[in-house]
Amino acid sequence: MAAHIGHSQKAKPLSPVSVTFLGTSSGGGPILSRNCSSLAVDFGNEIWLFDAADGTLMRLHQSSLRIANISRIFITHMHADHTLGLVAIMMTIMSGVGVKPGENEELAKLGTKKKATFHIYGPAGIRKLIRTTLSVTSINLAGVFAIHEILEQGEEPSVDCEEENLHSNEAVGIDFIANDDGVWENILQQGNGKSGKGWSVKAGPIHHRVPSLGYVLAEPVPRVQLDTSSLIPLLKSNAEALASLDPPIKHPLSLLSHLTSLPPPPPYTLPSGDVIHPPPPSGISPRKLVIFGDCSGGTENSTFQKMCENPSLLVHECTNGHIPHDVQRGDKGMKIRKKDLEPSLEAKRDRLFFHKPTDGKKGHPHENGNGHHSFEDILAKDNEKRLEVQKKALSRGHSTPEEVGNFAKTIKARRVIVNHFSAMFPSPRYPSTEPFPSILSPISPFPYPSPTSTPSNAHGYDPHVEPHSLTKNELHTRLIMQSLADQITEIWSPPADRDEDKIARMAIPSRDFMSIRIPSHELSDIEQDDIRRYREELDRVMGSWKECGGVWVDLPKEVGRIWLGVEPAPSIGGKTAPQEGNHIRYEE
Ligand SMILES: [Zn+2]
Ligand SMILES: [Zn+2]
């Protein structure tokens, strides 16, 4: 078949899409370094939020995201740590400041004919939560929103959209009912809306203590570019004939945007007899993002599992996890960790309910007579502890690295990021928002990347603060989070598989403000280089930490080389090495 008229061979480049984490704590938080759940998918001209815990609005202000670009908010489930920031965000995006008296009364008169420009999606209850909050707090809004409830078969919406029940600024929302397979195929259809680059949204059920949803975002199939240099003359030569059609096509060039509309239209025959086609697929794989709410690992719905297959990115919760003994470094590690754990509600609850007697009794069941653990004992205890943590997590509808790894492997995820960490896992304080910063980078002066590290921070706020030198406590925190990610990677992409497909993969533990670009469905060369560089440094650091309980770190010349560790530095050549804190230059 000859090439269609008007189609260049050039593939249209993929538009930028990035995911920014705004809150990565479980409901036991927030803690200083982690707000509760929210993340933003940024299409460049439009932002979709997933979950909106209390405090999300401030995280948005602190980030480089443009709040005005938020057009849709998707809620995974009704738990407070995913929903209580919604109305505050609406108050900002739809600020009623400047609305003249009587304006909203006029709007209310439009009743069910209002057209929404801002959309919220979520399980049953979301409409009632928002409507009730708006009405009892007498919030003044501008513009029109709609709330769509995603319902199981037989489930009733929390409140209906009858004219008399709508808020003055509310349009009729859709009640999406699950199909016979128990999934929602049409939350947002391909090409729906002008922005969002035409991505579609589907949803499916995941297992949690309350109904919880996973969302699947799919990019339309990328197509080649229209060759306007041959199309425009052709359309212009048909201008007169097109204008005399019934109904007339007054602007022949409007057929150009018709050809690229979504879903792709059927071929169109011009009055001259020439047939013009929508541009064919370019062969570039479309991207797919799978974003899960709280769950005890993957989905039990086989149709939904199929819908999740081959994602460019899987975002999955990992509330709990066992820290391997050689990373935790026993009681010594626990002691320095406890010092840094935030006085969060969860820590308080742990003290109240899981209080361990401190009667000075020493010794563990796996300790031998010398107070040392044998290697086998440590492995056995590690495994025992891992199963215990897993059992507790699953019983509360949450996941551990094992569930994430297994699901990521089953659906062949290209990238994996975990979030929703228990308050026992405070965030590392990397100064950068990159997914793979150096594990030895200095510490951010804030509990999260300093506002100056986000170059396009909307407010240009510059607090003139520099990152400070890495400490052993911070390195310990980083390695603990890394050990959770390693457990996932080990199952999802074990070394044997990695050699085979020669693709560097690594699960990422998210941090507040961490941002990842998804440049293509498969990992780009740049991303793989980043992972290889990160892994090389990590292997050295993690190896030394596991073996010796610390690592040598080269700091600037005036500081020299110092030992950061839970254990004292191994002495070399009879010389005592300097410990962290005393900046004595170490002579080799
Ligand atoms: Zn939660
Ligand atoms: Zn929950």
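This one's a predicted model, so the numbers in the text were calculated from it and none came from an experiment.

## Overview of the overall build of the protein
- Within the protein, the regular secondary structure consists of 17 helices and 21 strands.
- A sequence separation of at least 24 residues applies to 72% of the contacts in the protein between residues at least 6 apart.

## Some remarks on the sheet that holds strand β10 (residues 200-206)
- The 7 strands are arranged β9-β10-β11-β15-β16-β17-β18 in an open sheet whose pairing can be described as mixed. Bordering the open sheet on either side are β9 (184-188) and β18 (508-509), each of which pairs with just one other strand.
- When strand β17 (residues 416-419) meets β18, the two strands line up parallel, connected through 2 bridges. If you follow Val418 over to β18, its bridge partner there is Pro509.

## Things to note about the packing of helix α14 (residues 401-410) against helix α15 (residues 472-492)
- One can describe the packing of α14 onto α15 by two numbers: an axis separation of 8 Å at closest approach and a directional angle of 35°. Crossing of α14 against α15: the hand is right-handed. Across the interface between the two elements, Pro401, Glu402, Val404, Gly405, Asn406, Ala408 and Lys409 of α14 pack against Leu484, Gln487, Ile488, Glu490, Ile491 and Trp492 of α15.
- Across the contact of α14 with α15, the residue classes break down as 7 nonpolar, 3 polar and 3 charged.

## Focus: the sheet that holds strand β19 (residues 515-517)
- Here we have 8 strands laid out as an open sheet, ordered β8-β7-β6-β5-β4-β3-β2-β19, and mixed in their pairing. Taken across any chain shown, the strands that pair with only one partner, and hence form the sheet edges, are β8 (175-177) and β19. Put simply, the sheet's adjacent strands are angled 20° from each other on average, direction ignored.
- As paired elements, strand β3 (residues 38-42) and strand β4 (residues 47-50) share 4 bridges and run antiparallel to each other. Of the residues in β4, the one forming a bridge with Ala40 is Leu49.
- On the sheet, helix α5 (residues 126-136) packs against β6 (118-123) and β7 (145-151) and is oriented at approximately 150° with respect to β7.

## Things to note about α14
- Counting buried positions along α14 yields 7 of 10 residues, so the element is predominantly enclosed.
- Within α14, burial applies to Pro401, Glu402, Glu403, Val404, Gly405, Phe407 and Ala408.
- Among the residues trailing α14, Lys412 stands out with phi positive, at a value near 55°.

## Focus: the nonpolar core
- Residues Val41, Tyr215, Val290, Val416 and Ile488 are the most contacted members of the largest nonpolar core, which totals 109 residues.
- Aside from chain neighbours lying at most four places away, what touches Tyr215 is Phe50, Phe74, Val201, Ala203 and Ile291.

## Structural notes on the environment of Asp530
- By the element assignment, Asp530 lies in helix α17 (residues 525-548).
- Between the alpha carbons of Asp530 and Ala504 there is a distance of 9.2 Å; along the sequence they are 26 residues apart.

## Some remarks on the pairing of β17
- On β17, burial covers both faces: Val416 and Val418 on one face and Ile417 and Asn419 on the other are all buried.
- Inspection of the sheet shows strand β16 (residues 313-317) paired to β17 by 4 bridges, in the parallel sense. Within the sheet, the bridge partner assigned to His316 lies in β17 and is Val418.

## Remarks on the environment of Ile291
- Within the element layout of this structure, Ile291 appears in strand β15 (residues 288-292).
- The class of Ile291 is buried, set by 26 C-beta atoms lying within 10 Å.
- Taking the C-alpha atoms as reference points, Ile291 and Phe50, separated by 241 residues in sequence, lie 8.1 Å from one another.
- Apart from the residues lying within four places of it in its own chain, the contact partners of Ile291 are Phe50, Gly214, Tyr215 and Val315.

## Quick word on unusual backbone geometry
- Put simply, Gly29 and Pro30 share a cis peptide bond, and its omega is 5°.
- Following the sequence through the fold, Pro30 ends up in the loop between β2 (18-23) and β3.
- That bond from Asp246 to Pro247 is cis: its omega, 0°, falls within 30 degrees of zero.
- As for its position among the elements, Pro247 is in the loop between α7 (239-243) and α8 (254-259).
- Of note, Lys412 is a non-glycine position whose phi angle comes to about 55°, a positive value.
- Mapped onto the elements of the fold, Lys412 is located in the loop between α14 and β17.

## Notes on the confidence of the model for the protein
- Averaged over all residues, the pLDDT of the protein equals 88, while 86% of them reach at least 70.
- This model gives residues 355-369 a pLDDT under 50, and the stretch forms 6 contacts once residues within four places in sequence are excluded.
- Overall, residues 581-588 carries pLDDT values under 50, and its contacts beyond four positions in sequence, including any with other chains, amount to 8 contacts.

## Some details on the pairing of strand β11 (residues 212-218)
- The buried fraction of β11 amounts to 7 of the 7 residues, a majority that puts the element mostly inside the structure.
- Neither face of β11 is left uncovered, since the one carrying Ser212, Gly214, Val216 and Ala218 and the one carrying Leu213, Tyr215 and Leu217 both have all their residues buried.
- In this structure, β10 lies alongside β11, joined through 7 bridges in antiparallel fashion. Its bridge partner being in β11, Gly204 is matched across the sheet by Gly214.
- Here β10 folds back onto β11 in antiparallel fashion, the turn holding 5 residues.

## Focus: the environment of Ser25
- Residue placement: Ser25 occurs in the loop between β2 and β3.
- The class of Ser25 is buried, set by 30 C-beta atoms lying within 10 Å.
- Sequence separation between Ser25 and Ser38 is 13 residues, and the spatial gap between their C-alpha atoms is 9.3 Å.
- Not counting residues within four places of it along the chain, the set of residues in contact with Ser25 comprises Pro30, Ile31, Arg34, Asn35, Cys36, Phe421 and Ala423.

The rules behind each value
- Residues numbered from 1 in each chain as written.
- Chains lettered and ligands numbered in written order.
- Predicted model: local features only at pLDDT ≥ 70, side-chain atom pairs only at ≥ 80, totals over all residues.
- Helix = DSSP H or I, 4+ residues; strand = E, 2+ residues; numbered from the N terminus.
- Contact = placed C-beta atoms within 7 Å.
- Pairing = 2+ DSSP bridges.
- Axes fitted to C-alpha atoms, helices over the stretch in contact; angles between N-to-C directions.
- Left-handed = near helix turned anticlockwise from the far one by under 90°.
- Nonpolar A, V, L, I, M, F, W, Y, C, P; charged D, E, K, R; others polar.
- Buried ≥ 20, exposed ≤ 12 C-beta atoms within 10 Å, placed from the backbone.
- Core = buried A, V, L, I, M, F, W, Y, C linked by C-beta atoms within 7 Å.
- pLDDT = per-residue confidence, 0-100.

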